[in-house]
Amino acid sequence: MESKFVEINGVRLNYGEGAGNGPRLVFLPGFPRYWTEYRPVLDALEPQYHLFALSMRGQGRSERSPPYTISSYIDDTAVFLREVVGRSALGIGHSAGAWFGLAAANDDPDLFSAFVSIDQPLDPADHVIAHGADTSSVRRMLDAMRAASGVEDLRLRLAALPAAGGGTWADEMSVRELGDRAAHLAGIDPETFAPWAEGIEEWLLVPELQRWPGRYRGPLLFLDGDPVAGSMLTEQAVRYNRARYPWAERVELTGHDHIMGLRDAPGPAVAEIRRFLDRIA
């Protein structure tokens, strides 16, 4: 895929675009992630589709430009779909990317001809429960990111952060895991975490994430992981998603956590995505 840039809402956003190999398909990463982190799943999908993948503001090579609010992410997504991808595209959203895509379709249902939501509880209250109202750990991580002079310095600062169960991050992660976490966070504007650090409820409990299904009535697949393996989809979250989109199909991938293998072993997820989208086409 070729790395490109476009100015949306006064912000220079980075996106990837593949060759015109088939129907247009846009991939929306989770928060806080950027499109190049999903190379394995994108490489697997590119031969069959005209693929697009977006990095949100402040993430990856996209411009570091607040505000980092839910409404700004949704609006950037909607404009990108209208002006770069074009209406009636196929859509995939992983984690918060599903929020941004489906919320954009609340008001403009013609943005997507079909959509795949990957392991995302749509109810923001579920995220508040999962992460907890205490944001002190996020504030400490934010401080480390603000103070770090580079990836290695950030790794050392992260290693010393207190862990939830006592000890430090270094006690819970291997050297490689800490290095991967530092490399990932170094590609993100620290200020993207500021709204979360200031209060997760104020950040997430917004009207844009409580209007499902809005006007979107197109085909939808909930592709979920396994709660035992680390999916974010509790039984309560599954019921909520199904109640809002009763016509949607749902597939659970046994043994898959929240990442769903998208960044290392995407075969099972890609097979389900193709099965669903091939029926739509």
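Quick note: structure is the one above.
Everything numeric here is computed off the predicted structure, so don't read it as measured data.

Colleague: Mind showing me how you'd approach the overall build of the chain here?
Modeller: Counting its secondary structure elements, the chain contains 12 helices and 8 strands. Expected size for 281 residues packed as a compact globule is a radius of gyration near 19 Å; at 18 Å, the chain falls within 12% of this value. If one aligns the C-alpha atoms of the chain with their principal axes, the spans along those axes are about 50 × 40 × 35 Å. Classification of the 281 residues of the chain by burial places 55% in the buried group. Considering the chain, the positive charge centre built from 28 side chains and the negative charge centre built from 39 side chains are found 3 Å apart.

Colleague: Just to check I follow, could you spell out the pairing of strand β2 (residues 11-17) for this structure?
Modeller: The side chains of a regular strand alternate, first on one face of the sheet and then on the other. Here β2 lies mainly inside the structure; 6 of its 7 residues are buried. As paired elements, strand β1 (residues 2-8) and β2 share 7 bridges and run antiparallel to each other. From the neighbouring strand, Ser3 faces β2, where its bridge partner is Gly16. Alignment of β2 against strand β4 (residues 50-54), held across 3 bridges, turns out to be antiparallel. Opposite Gly16, over in β4, you have Ala53 as the bridge partner.

Colleague: What's the story with the nonpolar core in this structure? I'm lost.
Modeller: Among soluble globular proteins, nonpolar side chains are generally buried collectively. The biggest cluster of nonpolar side chains holds 66 residues, and the ones touching the most others in it are Phe80, Leu158, Phe193 and Trp212. Ranked by size, the runner-up nonpolar core spans 26 residues in total, among them Leu51, Leu221, Leu223 and Phe276.

Colleague: When you look at the side chain of His127 in this model, what are you seeing that I'm missing?
Modeller: Within the secondary structure, His127 is located in helix α4 (residues 124-131). What makes His127 buried here is its relative accessible area of 6%. Setting aside its immediate chain neighbours within four residues, His127 contacts Trp99, Gln120, Pro121, Gly132, Ile200, Leu204 and Met232.

Colleague: What should I look at first to understand helix α12 (residues 267-280) in this one?
Modeller: In an α-helix, one turn spans 3.6 residues, which is why side chains three or four residues apart end up on the same side. Over its 14 residues, α12 extends 20 Å from the first C-alpha to the last, a length consistent with the 20 Å expected when each residue adds 1.5 Å. Here α12 has its buried residues at Ala269, Val270, Glu272, Ile273, Phe276 and Leu277. Relative to the axis of α12, the buried residues are bounded by an arc of 165° and lie together on one face. Looking at the buried residues of α12, the elements they touch are β3 (24-28), α1 (39-45), β5 (89-94), β6 (112-118), β7 (220-224) and β8 (249-252).

Reading the values: rules and limits
- Residues numbered from 1 in each chain as written.
- Predicted model: local features only at pLDDT ≥ 70, side-chain atom pairs only at ≥ 80, totals over all residues.
- Heavy atoms only, no water.
- Helix = DSSP H or I, 4+ residues; strand = E, 2+ residues; numbered from the N terminus.
- Rg over C-alpha atoms; globule rule 2.2 N^0.38 Å.
- Buried < 20%, exposed > 50% of the residue type's maximum accessible area, 1.4 Å probe, protein only.
- Lys, Arg positive; Asp, Glu negative; His and termini not counted.
- Charge placed at Lys NZ, Arg CZ, Asp CG, Glu CD.
- Pairing = 2+ DSSP bridges.
- Core = buried A, V, L, I, M, F, W, Y, C linked by side-chain atoms within 4.5 Å.
- Contact = heavy atoms within 4.5 Å.
- Expected span 1.5 Å × (residues − 1).
- Arc of directions from axis to C-beta.

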